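# Topology and contacts: notes
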Amino acid sequence: MTGFLDISFLTVQVLSALRLAAFLFLISSGLTLIFGVLNILNFAHGALYMLGAYFMFWVTSQVTGPGGFFLAMAMAPLGVALIGMILEMGLLRRIYIQEEIYQLLLTYALVLIIDDLAKIVFGAEYKSIPKPAFLEGAITLFGGTVPTYTILVVVIAPTVAALLWYLLYRTKTGKVIRATSSDREMADALGINMKALFTLVFAFGAVLAGFGGALAGPARTVFPGVGTEVIIECFVVVVIGGLGNLWGALVGSLLIGALETVGIIVFPEFEMGLIYLLMVAVLVVRPWGLFGKPLKIKALSEKNLSFESQEISPVHFSSRPWLWVIPVVLLLIFPAFAGRFYQYLLTQIFVAALMAVAFNLLLGTTGLLSFGQAAFFGVGAYTVGLLLTKTGTGTMPALGLSLFTSAVAASVIGFFCVRLTGVHFAMLTLAFGQLIFAIAFKWYGFTGGDNGIQGIPVREIPLAGLGLLDIGSTKSMYYFVLVVAGLAVAFLRRVRSSPFGATLKAIRENGQRASYLGINVTLYQWTAFVIAGTFTGLAGGLFALMERSISPEIIHWTKSADPVLMTIIGGIYTFVGPAVGAVVLIVLNSYIVAWTEYWALVLGMVLLLLVLLLPGGVIGFVNEKARDYLTRSGWIRRWLFSKSATS
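Figured I'd write up the structure that's included with this text. Here the structure is a predicted model, which means the values were calculated and not measured.

Scoring rules and cut-offs
Numbering of residues begins from 1 in every chain and follows the order in which that chain's sequence is written. Whole-chain, interface and lining totals are the exception, using all residues; otherwise, since this is a predicted model, local features are given only for residues with pLDDT of at least 70 and side-chain atom pairs are given and counted only at 80 or more. With hydrogens and water stripped out, all remaining heavy atoms of the structure feed into the side-chain values. The axes are straight lines fitted to the C-alpha atoms, using for helices just the contacting stretch, and the angles between their N-to-C directions are given from 0 to 180°. Helix numbers and strand numbers start at the N terminus; a helix is a DSSP run of H or I with at least 4 residues, a strand a run of E with at least 2. To sort the angles, those under 35 degrees are grouped as roughly parallel, those over 145 as roughly antiparallel, those from 65 to 115 as roughly perpendicular, and the leftovers as oblique. When checking whether two residues touch, look at their non-hydrogen atoms; a contact exists if any pair is within 4.5 Å. Gly counts as polar in this scheme, as do all residues outside two lists: the nonpolar Ala, Val, Leu, Ile, Met, Phe, Trp, Tyr, Cys and Pro, and the charged Asp, Glu, Lys and Arg. For every residue, the accessible area obtained with a 1.4 Å probe (protein chains only) is divided by the maximum for its type, and the residue is called buried under 20%, exposed over 50%, and partly exposed between those limits. In these notes, a set of buried Ala, Val, Leu, Ile, Met, Phe, Trp, Tyr and Cys residues joined through side-chain atoms within 4.5 Å is what counts as a nonpolar core. Note that domain bounds follow an automatic or database assignment of domains. Pairing of aromatic side chains here covers Phe, Tyr and the six-membered ring of Trp, requires ring centres within 6.5 Å, and sorts the geometry by plane angle: under 30 degrees stacked, over 60 edge-to-face, intermediate tilted.

Here we come to the packing of helix 19 (residues 474-497) against helix 22 (residues 521-547). Between helix 19 and helix 22, the least distance of the axes is 11 Å, while the angle of their chain directions is 175°. Taken together, the axis directions place helix 19 and helix 22 in an arrangement best described as roughly antiparallel. Contact residues: helix 19 offers M477, F480, V481, V484, A485, A488, F491, L492 and V495, while helix 22 offers I531, F535, L538, L542, L545 and M546. Residues belonging to the contact of helix 19 with helix 22 are distributed by class as follows: 15 nonpolar, no polar and no charged.

Quick look at the environment of F202 now. Within the secondary structure, F202 is located in helix 8 (residues 194-216). Since its relative accessible area comes to 2%, F202 is described here as buried. Setting aside chain neighbours within four positions, we find F202 in contact with I34, L38, N42, G84, E88 and L92.

On to the nonpolar core, then. Counting residues in each nonpolar core, the largest one holds 198 residues, and the members touching the most others are M427 and F480. With 16 residues, helix 14 (residues 340-366) is the single largest residue contributor to this core. Split by domain, this core shows at least three residues from each of two domains, domain 1 (24-136 + 190-285) and domain 2 (337-594). For F480, the residues in contact, after removing those within four places along its chain, are M396, L399, I461, I471, L542 and L545.

Another aspect to go through is the packing of aromatic side chains. Using the criterion set out here, one finds 23 aromatic pairs in the structure. When the ring of F334 is compared with that of Y478, the centres are 6.1 Å apart and the planes differ by 25°; the resulting orientation is stacked. Of this pair, F334 sits in helix 13 (residues 325-337) while Y478 sits in helix 19, and the two are 144 residues apart along the sequence. The exposure class assigned to Y478 is buried, which follows from its relative accessible area of 0%.

See the structure below:
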């Protein structure tokens, strides 16, 4: 009897894992196909999955019964494919020649736009998609009760996999797609219509995402933003299997489906961290995935893109230090003319600017895109929060220890990450970040779990015989954060303008050439990673003091998107650009949220316009226009031009 029960239990769990793997494969196969040919890691793929589920809901609500269900299953992927073609031809086609970071930003902007448009059209409520009566029940299999719909899903997914294999390996179009994936330049030289092929592949990837959403919809609820949850699991799948490899997506889906099912049963307290632990293990041992191959990474100097217009400033601040006095004086007198809300808003900007400037030591200076920077922000914040709530540690020692713990975390994580390049580096930082998020989210006894840490006390700071400094008020916190963040940013500026910073820029331009010159590229990148992580942790510590409460959401990957957005908005290859981007993003978030509930739509449109119209960011645009104006006006002789390391 016991053995019978074990078999029935095992049957249910195996089919549950296969159902999850089926959903993941349908979505991730489209994602990996798009990456393999277009070389774009499409953040909007999850939004296309969501649209497939919504189209399924709409059609079944209009046409009831089994006929409506299967009609919706056929129409939803086609509707998503049409939207995918419009997006590719109207937007993505314009940025293929730009750096990968701009492609990621554009697809992220599309996520914000599509999510809010779905909320406007379908409402914010959770939607359930009804199944036909013959799919509502369950069957008994080896003693286990299994939903009939699960059997349908488990049967359909292998059928789709077989169809994909046939299309890619037995048709002329499939051979062209595989040839383009292997060598895009050669395919272009042979006269293949690359524009038409890119549109076809993107539409086909959208079909798979839409079909995955349509199939998953009746088994799950659909709501605006559901694609954001799915896309990260799909990233894990394609990274483990190998970017651009279809069979890797299949094996990765099976591994993740099995691991999540086992985790729920055996390790319920850490099940969400297991998949990221596997992702870390695979990337450390085999960076290009189980079935993938090393990607061709072009040096920045080989991309023929003009970054001088961004990086050269018309004003050399080192030779005119008085220019810094103006903004400093304005910030010092600001509380005298502004109320508490604006003081708090500017304090938020100081913290965000410090995080963005520290992050840009990696992206803009060293050429490394991190998707896990929020991990160090969280380490610093939790260090301060735990020390102040659970011990008698003072404010300044707690803040100092946040620097130390963040540096240790960055040292360990950076040791593994800097051995990778390009998208593999970005994905490994994402995996580490989500792993730390899972720990914070589940470790109730230490971090408070999903409740976080509330009521963080802000203790007075002794001033060496001059009394105590109370930073409990909004105004005093404003000045405290201004001083600490200002000193940190000044230090980062010195680092960037030093010979060490110049070496990092040489590595960014062409790491292979720098290595030939005898530079220890890995050591320099690791050092930059540690410095960036350390000061990001300091920003997190200041955030904990300012907010007096923290939660695991500050470590989630979506928080890591903030410094990326700030940096691109302001200007990647300028020093002050990320700080300007912080101002823009914080102000936009604050006022758009108050103005409309569809703030994500407005923010997405702003980001979209920035990518298309101001790829150099706000400061890059200002630098270029200022130089043109000074040249035409004849003032050029009165100004010194310099690299943005000093701007």
